[in-house]
Amino acid sequence: MTLFRRLVLLVAALLCLPATALTAEVKTFAVAPFAVHGPEKYQYLSQGVQSMLESRMNWPGHLTPLDKGKVAARLAKAPASEAEAQKALADIGADYLAYGAVTVSGEQASIDIMVVGKGGKKWPKNLSTKLADLIPAMERTAQALNNEIFQRPAGPASGKGEGGQTINQMNPDFVVNQTSENQKVFLNPSFRYAGPSDTPGVWRSQSMPIVSAGISVADLNGDGHNEVAILTQHSVETYVYKDRQLLPLGRYETPPNLKLLNISTLDVNGDGKAEIIVSASYFKEPRSFILGLEGNQLKPLYKDIKLYLNVAAVPPDFTRQLVGSKGEPKELFVQGVHNVIFSGGQPQLSTRLNLPSKANPFNFVYLPEKSGYKVVLNDDKDHLVVYTAKGERVAATEEQYCGSAIGLEFDPLMAPMDKPKSDYLWTYYYIPLPMIVANLDKDDRSELLVSKNISLAAQFFETFRTFSQGEIHSLYWDGVGMNLLWKTRRIKGTITGYALADIDNDGQKELVVCLNTWPGATGTSARRTIVLAYKIDTSNVGQPGEYGIDQSGE
């Protein structure tokens, strides 16, 4: 055979090969032993999770694991930090390194996974599942990692558009209402979806040994990054997001006879740092205070403020302003909500806001629209009532929203000089959770983000305010009433607060949800706080329910 003929045959053979065979570069990866937090009997999960992740990330021809012996010789335990992981990656000579931790509580397992690559790239994942469902959960997570790193095709699944394109649902953990005939998302919110917390779009914090009553996210120290402030029964706790955890900063304790009602943040003194505004009650009288974060310490800037305080976006330009009202023993709030200014070094009431007579600093929000705004009020039965700017009541929801367990005792029928006995049957007003105005779908109408607690007992017992599960709903004004746009899947636990803020400082806002775990009605002393953050993909979204093609991958 002549040399020319051999060359012709070789070229022909090469042309017959798939294009991927000519260009594919096989990458290598390693999986470190996982740290295990839990009872001694579950320490086997360290190597078990390592082996499971290794086998399920293996993609022949694209991604292959390094020799286990080589990895074990240089990587005996999980890296303690991202910097340590990058150093280990360089030492073993792989393209990618996966590591993390397993936390076991009862029959539940929470797994945090981080994959780092050369050049500083990283792909974090976390999941929470029953121990019995650990293997399928790991399979889904490994598939998600391969998809993000190498665009590895997934098996047949729902949620695909024509030509196999992914339909943008803003976040896979949101259930979207079908509001138009040609809508590309067809999940019906009439169904009850119990969503997993191991979806790619949800971050879950560690379990914290506090019982929360509210949350706010803002830049508290002026460094250009947001911190997290959590309200508890008798303290304010601050945290910073780092390495996919909330690390504690400053803590401020309050006297046991001070009832903490609400937490919000605003730069009240113009120093470039947001202050923490806490509304509180002292024997049925307002006693609010304002804190500033200095270093790792929370220091009171204003104390014993005889006003109920909150922050609201006020028309006509809907800038966030400090608002408040005076207290009244029988009716709780003196009628009228006012702007709050600082005069003589102390907060003082200023201009009265245009609001319905039953408004107080905690139960209203202005909902912008083309012709001005609507006012949405949360009444004392947790229904949302809609008013025009002129105060005309136009709609009310049948469902209840924003319910909390923070109640103030009052009785408008009690005589002024009466002293109630210890078993006196009080009436309670419950401070509602926030109503957040947003425009995530970038159309000409605003949405209202509110919580909805799910509790059969609460439907029959007015004072039963501890909820085992809930959802966040996005509502919009459709010209007749408040209609559902989307909602989160069912969240296990009692929702105590939420915010729309950039908690991880990546430049994109997340839906941040604070909740207390639910150990059952008889185990409330064992409650803990967990924070969830939902990534929101706002690329290619249109009118309510009309979502475009291709997710941004956030």
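So, how was this worked out
Residue positions are given per chain, counting from 1 as you read along its sequence in written order. For a predicted model such as this one, the threshold for reporting local features is a pLDDT of at least 70, and the threshold for listing and counting side-chain atom pairs is 80 or more; totals across whole chains, interfaces and linings nevertheless cover every residue. To obtain the side-chain values, all non-hydrogen atoms of the structure were used and water was disregarded. Only DSSP runs of H or I with at least four residues qualify as helices, and only runs of E with at least two residues qualify as strands; both kinds are numbered from the N terminus onward. Per-residue accessibility, obtained with a 1.4 Å probe over protein chains only, is compared with the maximum for each type, and a residue is labelled buried under 20%, exposed over 50%, and partly exposed between these values. Contacts are assigned to residue pairs that have any heavy atoms within 4.5 Å of one another. To be clear on the numbers: accessible area is Shrake-Rupley with a 1.4 Å probe, and residue cover counts the displayed protein chains and nothing else. Two rings from Phe, Tyr or Trp (for Trp, the six-membered ring) form a pair when their centres are within 6.5 Å of each other. A pair whose planes differ by under 30 degrees is stacked, one over 60 is edge-to-face, and the rest are tilted. In this analysis, the protein atoms alone were mapped onto a 1 Å grid. Cavities are point sets where a 1.4 Å probe fits without being able to get out; pockets are open sets with protein on both sides within 12 Å along at least five of seven lines; lining residues have an atom within 4 Å of a point. Grid points are joined across faces, edges and corners, and a volume is the space filled by probe spheres set on the points. Note that Gly is not counted as nonpolar here; it falls among the polar residues with everything else outside the nonpolar set of Ala, Val, Leu, Ile, Met, Phe, Trp, Tyr, Cys and Pro and the charged set of Asp, Glu, Lys and Arg. Strand pairing is assigned whenever DSSP detects at least two bridges linking the two strands. Axes here refer to lines fitted to C-alpha atoms; in helices the fit is confined to the stretch in contact. Angles between the N-to-C directions go from 0 to 180 degrees. We define a polar contact as two N or O atoms separated by no more than 3.5 Å, with the added condition that, inside protein, one atom must be a possible hydrogen donor and the other a possible acceptor, whereas residues neighbouring each other in sequence contribute only through side-chain atom pairs. By definition, the arc is the one covered by directions from the helix axis to the C-beta atoms. One less than the number of residues in a helix, times 1.5 Å, gives the span that helix is expected to have. Definition of nonpolar core: a set of buried residues of the types Ala, Val, Leu, Ile, Met, Phe, Trp, Tyr and Cys, connected through side-chain atoms within 4.5 Å. Should a side-chain nitrogen of Lys or Arg be within 4 Å of a carboxyl oxygen of Asp or Glu, the pair is scored as a salt bridge. A residue's pLDDT is the predictor's confidence in that residue, given on a scale from 0 to 100.

Sorry if this is basic, but what is going on with the overall build of the protein here?
Along its length, the protein carries 6 helices and 37 strands. Among the 554 residues that make up the protein, the fraction classed as buried is 50%. Taking contacts inside the protein between residues at least 6 apart in sequence as the whole, the part at least 24 apart equals 51%. Approximately 27,100 Å² of the protein is accessible, and the part contributed by carbon and sulfur atoms is 52%.

Mind showing me how you'd approach the packing of aromatic side chains here?
Note on aromatic pairs: each is described by the distance of the centres and the angle between the planes. In total, this model carries 13 aromatic pairs according to the counting rule given. Between the aromatic rings of Phe364 and Tyr366, the centroid separation amounts to 5.7 Å while the plane-to-plane angle is 80 degrees, which identifies the pairing as edge-to-face. By relative accessible area, which is 4% here, Tyr366 ends up buried. Seen from their ring centres, Tyr428 and Tyr430 are 6.0 Å apart, and the 25 degrees between their planes marks the pair as stacked. Of the residues examined, Tyr430 reaches a relative accessible area of 13% and is grouped as buried. Grouping aromatic residues by their ring pairs yields a cluster made of Tyr308, Phe333, Phe362 and Tyr429.

Teacher, can you tell me more about empty space enclosed by the protein here?
Any empty space left between the atoms is revealed when a probe the size of a water molecule rolls over them. By the definition in use, this model includes 1 cavity of 30 Å³ or more. Considering only enclosed or pocket space, the largest cavity measures out at about 30 Å³ in volume. The wall of the largest cavity is formed by Gln335, Gly336, Val337, Arg352, Leu353, Leu355, Pro356, Ser357 and Ala359. Here the residues of the lining of the largest cavity are counted per class, giving 5 nonpolar, 3 polar and 1 charged.

Any chance you could explain the sheet that holds strand E24 (residues 364–369) here in plain terms?
Sheet strands associate in pairs through backbone hydrogen bonding, adopting either a parallel or an antiparallel arrangement. One open sheet holds the 4 strands; their spatial order is E24-E25-E26-E27, and the pairing between them is antiparallel. The open sheet has two edge strands, E24 and strand E27 (393–400), and neither has a second partner. Each strand axis lies, on average, 25 degrees off the axis of its neighbour in the sheet, ignoring direction.

Where do I start with the side chain of Asn126 in this structure?
Summarising the element assignment, Asn126 is placed in strand E6 (residues 122–130). Judged by relative accessible area, Asn126 falls into the buried class, the value being 5%. A distance of 3.3 Å separates a polar side-chain atom of Asn126 from the backbone oxygen of Arg204.

I keep staring at the sheet that holds strand E11 (residues 235–242) and nothing clicks. Help me out?
Within the open sheet, the 4 strands sit side by side as E9-E10-E11-E12. Their pairing is antiparallel. The outermost strands of the open sheet, each flanked by one partner alone, are strand E9 (212–218) and strand E12 (245–253). Pairs of neighbouring strands in the sheet enclose a mean axial angle of 25 degrees, with direction left out of account.

Can you walk me through helix H5 (residues 82–92) in this structure?
The periodicity of an α-helix, 3.6 residues per turn, causes residues three or four places apart in sequence to face the same way. By the burial criterion, the buried members of H5 are Ala85, Ala88, Leu89 and Ile92. Around the axis of H5, the buried residues are gathered within 105 degrees of arc, so they sit on the same side. When the buried face of H5 is taken as reference, the exposed residues oriented beyond 90 degrees from it are Ala83, Lys87 and Ala90. In this fold, the buried residues of H5 make contact with strand E1 (27–31), helix H4 (68–74), strand E4 (96–105) and strand E5 (108–117).

What am I meant to see in helix H3 (residues 45–57) here?
Counted at 1.5 Å a residue, the expected span for H3 with its 13 residues is 18 Å, and the 17 Å between its end C-alpha atoms agrees. Those residues of H3 that sit buried are Leu45, Ser46, Val49, Gln50, Met52, Leu53, Glu54 and Met57.

In this structure, what is going on with the nonpolar core? I would like to understand it.
For soluble globular proteins, the rule of thumb is that nonpolar side chains tend to be buried together. Of all hydrophobic cores here, the largest spans 38 residues; its most connected members are Leu448, Val450, Tyr498, Leu511 and Val513. Discounting chain neighbours no more than four positions away, the residues touching Leu448 are Val365, Leu367, Val376, Leu384, Met435, Ile436, Val437, His473, Ser474, Leu475 and Met482.

Would you take a moment to explain the pattern of salt bridges for this structure?
Counted according to the given criterion, the structure contains 17 salt bridges. For Glu471, the salt bridge is made with Arg490, and the minimal N-O distance between the two is 2.9 Å. Remark: Arg490 occurs in the loop between strand E33 (482–488) and strand E34 (491–492) and Glu471 occurs in strand E32 (residues 469–477); sequence separation between them is 19 residues. There is no split in this pair, since Glu471 and Arg490 are both buried. Of the charged contacts in the structure, one is a salt bridge between Asp504 and Lys535, with a shortest N-O distance of 3.1 Å. Residue Asp504 is located in the loop between strand E35 (494–501) and strand E36 (510–516), and its partner Lys535 is located in strand E37 (residues 529–535); the two are separated by 31 residues in the primary sequence.

Can you walk me through the environment of Glu399 in this structure?
Take Glu399: it is sitting in strand E27. Distance in space between the C-alpha atoms of Glu399 and Lys381 is 9.9 Å, their sequence separation being 18 residues. The residues contacting Glu399, other than those within four sequence positions of it, are Asp382, His383 and Lys452. Within the local environment of Glu399, its side chain forms a polar contact with the side chain of Tyr401, the two groups lying 3.0 Å apart.

Whenever I open this one, the pairing of E1 confuses me. Can you help?
Look at any regular strand and the pattern is simple: side chains alternate between the two faces of the sheet. The buried fraction of E1 amounts to 4 of the 5 residues, a majority that puts the element mostly inside the structure. With 3 bridges connecting them, E1 and E4 associate as parallel partners. Counterpart to Phe29 in the pairing with E4 is Tyr96.

Is there a simple way to explain the confidence of the model for the protein in this structure?
Detailed conclusions should not be drawn from predicted coordinates in areas where pLDDT is low. On average, residues of the protein score 81 in pLDDT, and 78% of them reach the 70 mark or higher. Considering each helix and strand of the protein separately, the mean pLDDT is smallest for helix H2 (residues 19–23), with a value of 42, and largest for strand E10 (residues 227–232), with 98. pLDDT under 50 marks residues 186–198. Its contacts with residues more than four places away, or in other chains, come to 39 contacts. Here residues 457–463 scores under 50 on pLDDT; set against residues more than four positions off or in separate chains, the count is 6 contacts.

Would you explain the pairing of E4 in this entry?
By the criterion of burial, E4 is predominantly enclosed, with 8 of the 10 residues buried. Counted along the chain from E4 to the antiparallel partner E5, the turn is 2 residues long, and its residue Gly106 has a positive phi close to 65 degrees.

What is the right way to look at the environment of Gly497 in this model?
With respect to the secondary-structure elements, Gly497 resides in strand E35. Classification of Gly497 by relative accessible area gives buried; the value is 3%. In the structure, Gly497 is positioned 15 residues away from Val512 in sequence and 8.4 Å away in space, judged by C-alpha atoms. Residues in contact with Gly497, not counting those within four places in the same chain, are Ile215, Leu433, Val512, Val513 and Cys514.

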